[in-house]
Amino acid sequence: MEYLILAVVIAVVAVAAISGLVISGRKKKRLPPPPPSSPTVTAPPAEPQVGEEAETPREEPRRTIEEVDLPGAPAATAEAPAPEAPEVPPLEVPEPTAGRLVRLRARLSRSQTTLGKGLLTLLSREHLDDDTWEEIEDTLLTADVGVAPTQELVERLRERVKVLGTRTPEELRGLLREELLHLIGTEADRSVHTESGVGANGEEKPGVVMVVGVNGTGKTTTTGKLARVLVADGKSVVLGAADTFRAAAADQLQTWGERVGARTVRGPEAGDPASVAFDAVKEGIAESADVVLIDTAGRLHTKTGLMDELGKVKRVVEKHGAVDEVLLVLDATTGQNGLVQARVFAEVVDITGIVLTKLDGTAKGGIVVAVQRELNVPVKLVGLGEGADDLAPFEPEAFVDALIGG
Ligand code: GDP
């Protein structure tokens, strides 16, 4: 009997012990939930600014599982402190283009001293003998006016001064003004053609401008400045970085574009410039832009190489429709070299307008005359400094007035 009682007690204790183990085991499994980890809040992309969509699409920031908002779940941002949105620089408002040459006229001071003042001083001499006329000729040649235009000008001036007899400074200034204007020409159409038209497939096509020239002349800078000119005139612009030869050119152009909200289409470094140009116009059509500006590479290694490259870019772009303007950028400080370049480029593509850069750094403003004569194409824009708005539409009257202090 005692054995029986003992057995029962042992059994009860054993059962209790086993069930206790199970319970404690369950308890171990049911750990208290960890404190909720605070959600990492991804800042929403900053409010896009006008034209910001012009950039390559932003990569969505990677979001971890905790960050994904569940339907119906309270917004994670409700309680968490909002991190600061990345600063997006505001778009710049370029200066209006009207009257830029007048505003920048002081930049022509070196040409003014050599050409304008030099001529006026010589013409004011009491006796205009052969030696003086020779000096006048030399002054014009030094300022890069070119041989034939110089002779023409001197001939006309000689004739008119003879007729005039006595000369007051005002009369002389008026005379010189007229003759310089005659040489530069006031009739040419100097507008940059950017009107949209009908594309190859009947769709509306933006105005297409190709910018060509030797590297170093200020081609990319000019393309960027021109984008600003167009934006200032109320147009939307797409840039094509088809200078795939110079590594930094695409970045440089993109920076110009971003400042005024113009998208830049670019390709791989050393990629095919023609395909970048083609894509840029395609993009321009897709986003109904007003103008597409294409920056090209200007390697003058061989004329054939240049011809192949630029010719191809133009042909490929023309698959979308006509190119409206081909602007040749020339560095005014390079004098005769610039004229040689002009000749080569003119053989390769049909130049429709000239941009003379760095006129602020030279006394050779007469190059305006020489280069127009050389190509029979008008100067349409002039670069007068490194500032963003230092590109001015070329106005013969304002230019001549700046030279002779009108
Ligand atoms: P690219 O190789 O022809 O594309 O030449 P860039 O556009 O890079 O310009 C070459 C240099 O010329 C840069 O330092 C520009 O700031 C400078 N430049 C361009 N236009 C002008 C101008 O009108 N005046 C002056 N002073 N410098 C200019």
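Since the structure is predicted, the reported quantities are computational estimates derived from the model, not experimental observations.

Cut-offs applied
- Residues numbered from 1 in each chain as written.
- Predicted model: local features only at pLDDT ≥ 70, side-chain atom pairs only at ≥ 80, totals over all residues.
- Heavy atoms only, no water.
- Near = heavy atom within 4 Å.
- Polar contact = N/O pair within 3.5 Å; in protein donor to acceptor, adjacent residues only side chain to side chain.
- Areas by Shrake-Rupley, 256 points an atom, 1.4 Å probe, with all protein chains shown as cover.
- Helix = DSSP H or I, 4+ residues; strand = E, 2+ residues; numbered from the N terminus.
- Nonpolar A, V, L, I, M, F, W, Y, C, P; charged D, E, K, R; others polar.
- Pairing = 2+ DSSP bridges.
- Axes fitted to C-alpha atoms, helices over the stretch in contact; angles between N-to-C directions.
- Contact = heavy atoms within 4.5 Å.
- Core = buried A, V, L, I, M, F, W, Y, C linked by side-chain atoms within 4.5 Å.
- Buried < 20%, exposed > 50% of the residue type's maximum accessible area, 1.4 Å probe, protein only.
- Parallel < 35°, antiparallel > 145°, perpendicular 65-115°, else oblique.
- Left-handed = near helix turned anticlockwise from the far one by under 90°.
- 1 Å grid on protein atoms, 1.4 Å probe; cavity = no way out; pocket = protein on both sides within 12 Å on 5 of 7 lines; lining within 4 Å.
- Points joined across faces, edges and corners; volume = space filled by probe spheres on them.

With respect to spatial proximity, 18 residues lie near the ligand, and among them Gly216, Lys219, Thr220, Thr221 and Glu386 are the closest. The contact in question runs from an oxygen atom of the ligand to an N or O atom on the backbone of Lys358, over 3.0 Å. Here an oxygen atom of the ligand and a side-chain polar atom of Glu386 are 2.6 Å apart. The protein chains hide 81% of the 590 Å² of surface that the ligand would expose on its own. When residues in the shell around the ligand are grouped by element, the largest group, four residues, is from helix H7 (residues 219-232). Among the residues making up the shell around the ligand, the classes are represented as two nonpolar, 10 polar and six charged.

Strand order across the open sheet formed by eight strands is S5-S4-S6-S3-S7-S8-S9-S10, with mixed pairing between neighbours. Strand pairing shows two members of the sheet lacking a second neighbour, strand S5 (263-266) and strand S10 (391-393), which therefore form its edges. Put simply, the sheet's adjacent strands are angled 25° from each other on average, direction ignored. Taken together, the four bridges between strand S4 (residues 237-242) and S5 define a ladder with parallel strand orientation. For Gly240, the partnering residue across the bridge sits in S5 and is Val265. Taken strand by strand, helix H12 (residues 367-375) contacts strand S7 (325-331), strand S8 (353-357) and strand S9 (379-383), and its axis lies near 150° from that of S8.

What follows deals with the side chain of Lys380. If you trace the backbone, Lys380 turns up in strand S9. At a separation of 2.9 Å, a polar atom in the side chain of Lys380 contacts the main-chain carbonyl oxygen of Ser191.

All right, on to the nonpolar core then. Formed by 78 residues in total, the largest nonpolar core has its most connected members in Ile294, Ile351, Leu356, Leu359, Val382 and Phe399. Considering every element that reaches this core, the biggest residue donor is helix H6 (residues 169-184), with seven residues. Here Phe399 is in contact with Leu101, Leu108, Ile184, Leu359, Gly365, Val368 and Phe394, once residues within four sequence places are set aside. Val192, Leu226, Leu239 and Val291 belong to the second largest nonpolar core, which has 20 residues in total.

What follows is about the environment of Val344. For Val344, the location among the structural elements is in helix H11 (residues 336-348). With 41 residues separating them along the chain, Val344 and Lys303 place their C-alpha atoms 7.1 Å apart.

For the pair helix H4 (residues 130-142) and helix H5 (residues 147-164), the least separation of the axes is 10 Å and the interaxial angle reads 140°. Here H4 is positioned oblique relative to H5, judged by the angle of their axes. The chirality of how H4 crosses H5 is right-handed. Packed against H4, whose contacting residues are Asp130, Trp133, Ile136, Glu137, Leu140 and Leu141, the element H5 presents Val147, Thr150, Leu153, Val154, Leu157, Arg158 and Val161 at the interface. Considering only residue class, the contact of H4 with H5 consists of nine nonpolar, one polar and three charged.

Moving on, we get to empty space enclosed by the protein. Summed over all chains, the structure comprises one cavity of 30 Å³ or more. In this model, the largest cavity occupies a volume close to 60 Å³. The wall of the largest cavity is formed by Leu115, Val145, Leu180, Leu183, Ile184, Gly365, Gly366, Val369, Phe399, Val400 and Leu403. Elements represented by at least two residues in the lining of the largest cavity include exactly H6 and helix H13 (396-404). When grouped by side-chain class, the residues that make up the lining of the largest cavity number nine nonpolar, two polar and no charged.

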